[in-house]
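Structure assessment
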Amino acid sequence: MSNDRVLIFDTTLRDGEQSPGFSMSLGQKLRIARVLSDLKVDVIEAGFPAASPGDFAAVEAVASEIKGPTIAALCRTIPADIEAAARSLEPAQSSRIHVFIATSPIHRKEKLGMSRAEVIQHAVDGVRYAKTACTDVEFSAEDGIRTEREFLAEVLQAVIEAGATTVNIPDTVGYSTPSEMKELFSWLRATVPGIGSVCMSTHCHDDLGMAVANSLAAVEGGARQIECALNGIGERAGNCALEEVVMAIRTRANHYQVDTGINTRKLMAASHLLAAVTGNFVPRNKAIVGENAFAHESGIHQHGMLAAPETYEIMKPEDVGVRASELILGKHSGRHAVIERARQMGYELEPGDVPDVMKRFKALADSKKRVFDADLEAIIAGNTGDHRGPWTLGWLSVVTRINGESLPTASLTLSNEEGTSVTQTGDGDGPVAAIVHALEKATGMEITVKSLAMRSISLGEDAQGEASIRASCDGVEYGGHGLSTDIVAACAEALLEIVNRAARQQSQPKSSAA
Ligand code: MN
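A brief structural summary.

1. As for the nonpolar core
By size, the foremost hydrophobic cluster in this structure holds 119 residues, and its most contacted members are Phe139 and Leu188. Ranked by the residues each element gives to this core, the list is headed by helix α7 (residues 149–162), at 9 residues. Summarising the domain contributions, this core has at least three residues from each of domain 1 (7–278) and domain 2 (299–382). The contact partners of leucine 188, leaving out residues within four places of it in the chain, are Leu152, Ala153, Leu156, Ile169, Ile195 and Met200. One finds Val436, Ala494, Leu496 and Ile498 within the second-largest nonpolar core, a separate group that totals 28 residues.

As structure tokens, this is what we get:
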């Protein structure tokens, strides 16, 4: 007897992307969508098209390029939202319109100002209208967990009769517990007429650290779709972490008796790519994808591991994409070796990205004795394909002082693609502040750094440093990424990317700024 299949509905690009610090450009969203497709998620929720022209364009781009997973777009029950969702999904091979309205008493009263009857009417009208554009329609009862049970059942029955093919009961505020979830889903399955012919879905938030446990409990109660996000990103404390829920189902198949279609060997690559793209590093101790998740440090554990890995290991590292060997290529490694090694790590390089990756790889191999998997991964994941001008950094000198008489200073020369160049000097509390001030003088922009994260990519004193910076330029926030064996140079590279993004955006005519 084969296990029931649970669908994995990924909302990294919608619920995840809308949370502070995780916004992505269209190109970045496409990179994440490609990796989700590689992972073989069943549904990619690509955005909320009515929210902004940028969201619309991103859903349309994902719908055009990604074949395989179903592409979903979120919308309220109002006609203009549903029309925007339908239009953005037109290029998709397989599409889903995801309609939601809040059903809980507090949301009905304080947010919507609607009676129960009005909420049902909007839900039914929304699903019917979506159904005229798309056969695959999901309905979400926002704050479903805090909705009166009999009313929730009434809403679900009505939307199923109106044609919804998936009904989602979200724990929007992260309030539920596993035993409550299992009981609620079992009750709905036993109570709501017609629910056996549609897919029940769960969407949990992690405010109390129970999003994964609650999602698994919903599955025990009969849910057959889990809404989740890579690295658990999402509103507030985030969503159910895709990698955790997938590996729990796989590792404890004897308990849950269900399967997913996820290619788990791609989990590590997907997680690292998202971290690099958004500049939010994964904590070392994070389940499944953290650096320490498969490290065995204590002597007793190491002894056990050498005797038999099963003594302390419930999962094989290679099943989530952790590589056994660390030392890799050198400066004589060719293009094919690099592409093949990337593939073994879970990265499919786009042909257009290969020249840039090779250039950086060769430069690194020249400056560093040993190049590790992690170095190549950082080059690939951090390769935004977006090192375009108008500015290039011709020269940079930074002096930092401890207990000195004067402030750290940075002098730099920027060349513009129009052929002009400018040299400026700035000072500040530290080398990064000094670079920022020199860049401000050179470009005339006002730059405010919002966050800066640095990490070392591999081992040894010649290890590469990776810098992720978010900064606002003239009031608009951008992200930049830099990679170098010199950490100050990595910061400068990240800042330069931010300045270039801002300059390109500012030079666009306003009408096409969307
Ligand atoms: Mn949510």
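There's more to say after this.
2. A closer look at the sheet that holds strand β16 (residues 476–484)
Strands pair in a sheet through their backbones, by hydrogen bonds, and they do so in one of two ways: parallel or antiparallel. Taking strand neighbours across the sheet as the criterion, the 3 strands line up as β14-β15-β16 in an open arrangement whose pairing is antiparallel. For this open sheet the edge positions go to β14 (447–456) and β16, each flanked by a neighbour on one side alone. Going from strand to strand, the sheet's axes swing by 15° on average, the running direction of each strand aside. As paired strands, β14 and strand β15 (residues 465–473) are joined by 9 bridges and run antiparallel to one another. Bridge pairing links leucine 452 to isoleucine 469 in β15.

3. Some remarks on the coordination of the manganese ion
Every protein donor of the manganese ion is listed here as Asp15 (OD), His203 (NE2) and His205 (NE2), and their distances to the metal cover 2.0 to 2.3 Å. When the donor residues of the manganese ion are listed from N- to C-terminus, their spacing reads D-x187-H-x1-H. One end of the pair, aspartate 15, is in helix α1 (residues 12–16); the other, histidine 205, is in the loop between β8 (199–204) and α9 (211–220), with 190 residues separating them in the sequence. Each member of the pair, aspartate 15 together with histidine 205, is buried.

4. Digging into the side chain of histidine 98
In this structure, histidine 98 sits in strand β5 (residues 95–102). Judged by relative accessible area, histidine 98 falls into the buried class, the value being 2%. Here the side chain of histidine 98 touches glutamate 45 through a polar contact of 2.7 Å, side chain to side chain. In this view, histidine 98 contacts Phe9, Glu45, Ala73, Leu74, Cys75, Glu138, Ser140, Asn168 and Glu227; residues no more than four positions away in its chain are not counted.

5. Regarding unusual backbone geometry
Notably, aspartate 143 is not glycine yet its phi reads approximately 60°, a positive angle. For aspartate 143, the position within the fold is in the loop between β6 (137–142) and α7. Note on aspartate 143: relative accessible area 0%, which makes it buried.

6. Brief notes about the pattern of salt bridges
Tallied over the entire structure, the rule returns 31 salt bridges. Among the salt bridges present, the one from glutamate 17 reaches lysine 29, with a minimum N-O distance of 3.8 Å. One end of the pair, glutamate 17, is in the loop between α1 and α2 (26–39); the other, lysine 29, is in helix α2, and 12 residues separate them in sequence. With respect to class, glutamate 17 is no different from lysine 29; both count as buried. Linked by salt bridges that have partners in common, Arg108, Arg116, Glu148 and Glu150 make up one network.

7. Thoughts on a nonpolar patch on the surface
Residues Val449, Leu452, Met454 and Ile487 make up a contiguous nonpolar surface patch of about 290 Å² in total accessible area. A per-element tally of the nonpolar patch places β14 first, with 3 residues. Here methionine 454 is to be found in strand β14. Among the residues examined, methionine 454 registers a relative accessible area of 30% and is labelled partly exposed.

The rules behind these values
Just so you know, the residues in each chain are numbered from 1, in the order the chain's sequence is written. Only residues with pLDDT of at least 70 are given local features in this predicted model, and only at 80 or more are side-chain atom pairs given and counted; all residues enter the totals for whole chains, interfaces and linings. Side-chain numbers here rest on the full set of heavy atoms in the structure, without hydrogens or water. In plain words, nonpolar cores are sets of buried Ala, Val, Leu, Ile, Met, Phe, Trp, Tyr and Cys residues tied together by side-chain atoms within 4.5 Å. Relative accessibility decides the category of a residue: with a 1.4 Å probe and only protein chains considered, values under 20% of the type maximum give buried, values over 50% give exposed, and everything between is partly exposed. Secondary structure elements follow DSSP: runs of H or I of four or more residues count as helices, runs of E of two or more count as strands, with numbering from the N terminus. How far each domain reaches was decided by an automatic or database domain assignment. Whether two residues touch is decided by their heavy atoms; if any such pair falls within 4.5 Å, the residues are in contact. Strands are labelled as partners when DSSP assigns at least two bridges between them. Interaxial angle, 0 to 180 degrees, is taken between N-to-C directions of lines fitted to C-alpha atoms, where a helix line uses only the stretch in contact. Metal donors were taken as nitrogen, oxygen and sulfur atoms no farther than 2.8 Å from the ion, or 3.2 Å where the ion is Na, K or Ca. Water is excluded, so coordination may look unfinished. For this analysis, a polar contact is any N or O atom pair within 3.5 Å, provided that within protein one partner can donate a hydrogen and the other can accept it, and provided that sequence-adjacent residues contribute only side-chain to side-chain pairs. Just to be clear on terms, a salt bridge is a Lys or Arg side-chain nitrogen sitting within 4 Å of an Asp or Glu carboxyl oxygen. Two distance rules govern patches: like charges are joined within 9 Å, and nonpolar side chains (Val, Leu, Ile, Met, Phe, Trp, Tyr) within 5 Å, applied only to residues with over 30% relative accessible area and no salt bridge. The Shrake-Rupley method, run with a 1.4 Å probe sphere, supplies the accessible areas, and residue values consider only the shown protein chains as cover.

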